[in-house]
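Residues per chain, in single letters:
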Amino acid sequence: MIENTSTASSSSSSAASRPVLVYGAAGHTGRFVVQALREQGHAVLLAGRDLGKLQAAFPDAPADQLRVQGLDGDAAALTALLAESALVVNCAGPFADSAPQLLQAALQAGVHYVDVSAEQPTAREVFGQWSERFTAAGLCAAPAVAFYGAVGDLLATSVLGDWPGADAIELHIALDSWHPTEGTRKTGVRNAGRHVVYANGQFQAPPTVSPRKTWAFAAPFGEQAVVGFSSADAVTIAHHIRVPDVPAWMNETPLTELRAADTPAPVAVDASGRSAQRFLVEVVVRRGGEERRASASGQDIYAITGPLAAQAVGRILAARGGLTGAMSAGQLGDARSFLQALAPRYLQLDFGG
């Protein structure tokens, strides 16, 4: 087994010259992550379990950028793979299966870890079971840096401002459609029965009958019927903001599409590979009799994960060991500037009140 060489003082200068490794690079979301990292000037190693899929996804990539390595075999080989990089971005779902192996390998290799999971159990495990180990190693582990897990957390953190905490942080999510990827469907099966909500200061099983209400979204969505939704944002927000309740709601149409077995996968409509799907996330932070609001809208929940992850990678590496332990996207420096770095190309933001 390779020795842990991850102390921040000894590794920060060498880490700056090493590439970012994207594990699961050939997947639907992985390709958006690779694209965004390259656009930000990062050298990228493309890794996964199937050479043919990597070559098909990146036909112009030179052979020396491709890495094939499974997760169920030689732990030392996986550690050696990650040691070639400064940071690993895990894009290989279901993350309940991939995260433990890659987190352990990251610690052994002395590299930072980011994942794009929307899985509540995985994020909770990273925060609860891995944080102290990454802190001791001088490394950062940032889970759920994706549409679900990052956007709501960043908005809430941005508008919290000088408040030390909140009475409630409420998320309202609207999608005009949801054509799930194969990975989303596998993840749904893997995490069935493991969803939670955050209420009364603790995680608990969702109500047997999901709550429903109407919510007046901004245009173009307007008033919609919404249903209680178990979002990864409840996990990321509760991790670092003092708040007893983080209810999340989503309009019903995309959830109906997600559950239907015959809903097709997303189809690209532009050169970047984005689908036509539109999203809107509205966050309301309440304290006493006051409230603060913010929103973010854009195109394609899978595609937005790419620039979100790339922004997190850039911040972690630029900190040169200053960001350690398990951290949500909202903890990686100033949350508002994180979001503004994605606007207006990827996000349209409103911090109006």
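All figures in this text were calculated on a predicted structure; none of them were measured in a lab. (Residues numbered from 1 in each chain as written. Predicted model: local features only at pLDDT ≥ 70, side-chain atom pairs only at ≥ 80, totals over all residues. Heavy atoms only, no water.)

1. Section: the sheet that holds strand β4 (residues 87-90)
And then number 1: Strands sit in the order β3-β2-β1-β4-β5-β6-β15 across an open sheet of 7 strands; the sheet is parallel. Single-partner strands in this sheet number two, and they are β3 (66-68) and β15 (325-326). (Pairing = 2+ DSSP bridges. Helix = DSSP H or I, 4+ residues; strand = E, 2+ residues; numbered from the N terminus.)

2. Observations regarding the side chain of Glu 119
And then number 1: In this fold, Glu 119 is placed in the loop between β5 (112-115) and α6 (120-137).
And then number 2: Salt bridges are absent for the buried Glu 119, whose nearest opposite-charge side chain, Arg 194, sits at 5.7 Å.
And then number 3: A polar contact is formed between the side chain of Glu 119 and the backbone nitrogen of Ala 96, at a distance of 3.0 Å.
And then number 4: Of the polar contacts made by the side chain of Glu 119, one reaches the side chain of Thr 122; its length is 3.1 Å.
And then number 5: Discounting residues that sit within four places of it in the chain, Glu 119 has contacts with Pro 94, Phe 95, Ala 96, Thr 187 and Asn 191. (Buried < 20%, exposed > 50% of the residue type's maximum accessible area, 1.4 Å probe, protein only. Lys, Arg positive; Asp, Glu negative; His and termini not counted. Salt bridge = Lys/Arg side-chain N within 4 Å of Asp/Glu carboxyl O. Polar contact = N/O pair within 3.5 Å; in protein donor to acceptor, adjacent residues only side chain to side chain. Contact = heavy atoms within 4.5 Å.)

3. Quick look at the environment of Leu 78
And then number 1: Position of Leu 78 relative to the elements: it lies in helix α4 (residues 75-82).
And then number 2: Once you skip the residues sitting within four places of it in the chain, Leu 78 turns out to touch Gln 69, Gly 70, Leu 71, Gln 101, Leu 102 and Ala 105.

4. Some details on the pattern of salt bridges
And then number 1: A complete count under the given rule lists 12 salt bridges for this structure.
And then number 2: Residue Arg 67 is joined to Glu 84 by a salt bridge in which the shortest nitrogen-to-oxygen separation is 2.8 Å. Highlighted residues: Arg 67 in strand β3 and Glu 84 in the loop between α4 and β4, separated in sequence by 17 residues.
And then number 3: Since its relative accessible area comes to 33%, Glu 84 is described here as partly exposed.
And then number 4: A salt bridge links Asp 270 to Arg 274, with the shortest nitrogen-to-oxygen separation between them at 3.0 Å.
And then number 5: Put simply, Glu 170, Lys 213, Arg 286, Glu 291 and Arg 293 are held in one network by salt bridges that share partners.

5. Notes on the pairing of strand β14 (residues 290-299)
And then number 1: Where strand β13 (residues 278-287) meets β14, 10 bridges bridge the pair, whose relative direction is antiparallel. Looking at the pairing, Phe 279 lines up with Gly 298 of β14.
And then number 2: Once β13 ends, the chain turns through 2 residues before running back antiparallel as β14, passing Gly 288 with a positive phi of about 60 degrees.
And then number 3: Note: β14 against strand β16 (residues 348-350), 3 bridges, orientation antiparallel. Note on β16: the bridge partner recorded for Ser 295 is Asp 350.

6. Section: the nonpolar core
And then number 1: One finds Val 89, Phe 147, Tyr 148 and Ile 169 to be the most contacted residues of the largest nonpolar core, which totals 79 residues.
And then number 2: The greatest single-element share of this core, amounting to 9 residues, is contributed by helix α7 (residues 147-160).
And then number 3: Those residues in contact with Phe 147 that sit more than four places away from it in its chain are Ile 173, Leu 175, Asp 233, Phe 279, Val 281, Ile 301, Ile 304, Thr 305 and Leu 308.
And then number 4: Within the second largest apolar cluster, 30 residues are counted, among which are Leu 21, Val 111, Ala 123 and Ala 141. (Core = buried A, V, L, I, M, F, W, Y, C linked by side-chain atoms within 4.5 Å.)

7. With respect to the sheet that holds strand β11 (residues 223-228)
And then number 1: Strand order in this open sheet of 7 strands is β10-β11-β12-β7-β13-β14-β16, and the pairing throughout is mixed. Unpaired on one side and paired on the other, β10 (212-216) and β16 mark the two borders of the sheet. The average undirected angle you get between the axes of adjacent strands in this sheet is 25 degrees.
And then number 2: Docked against the sheet, α7 engages β7 (168-175), β12 (248-251), β13 and β14, running at close to 40 degrees with respect to β13.
And then number 3: Lying over the sheet, helix α10 (residues 252-259) contacts β7, β10, β11 and β12, oriented at roughly 80 degrees with respect to β12. (Axes fitted to C-alpha atoms, helices over the stretch in contact; angles between N-to-C directions.)

8. Examining α6
And then number 1: Helix length check: α6 (18 residues) gives 25 Å between terminal C-alpha atoms against 26 Å at 1.5 Å per residue, within 8%.
And then number 2: Restricting attention to buried positions, one finds in α6 the residues Gln 120, Pro 121, Thr 122, Ala 123, Val 126, Phe 127, Trp 130, Ser 131, Phe 134 and Ala 137.
And then number 3: Looking at the residues trailing α6, positive phi occurs at Gly 138, about 75 degrees. (Expected span 1.5 Å × (residues − 1).)

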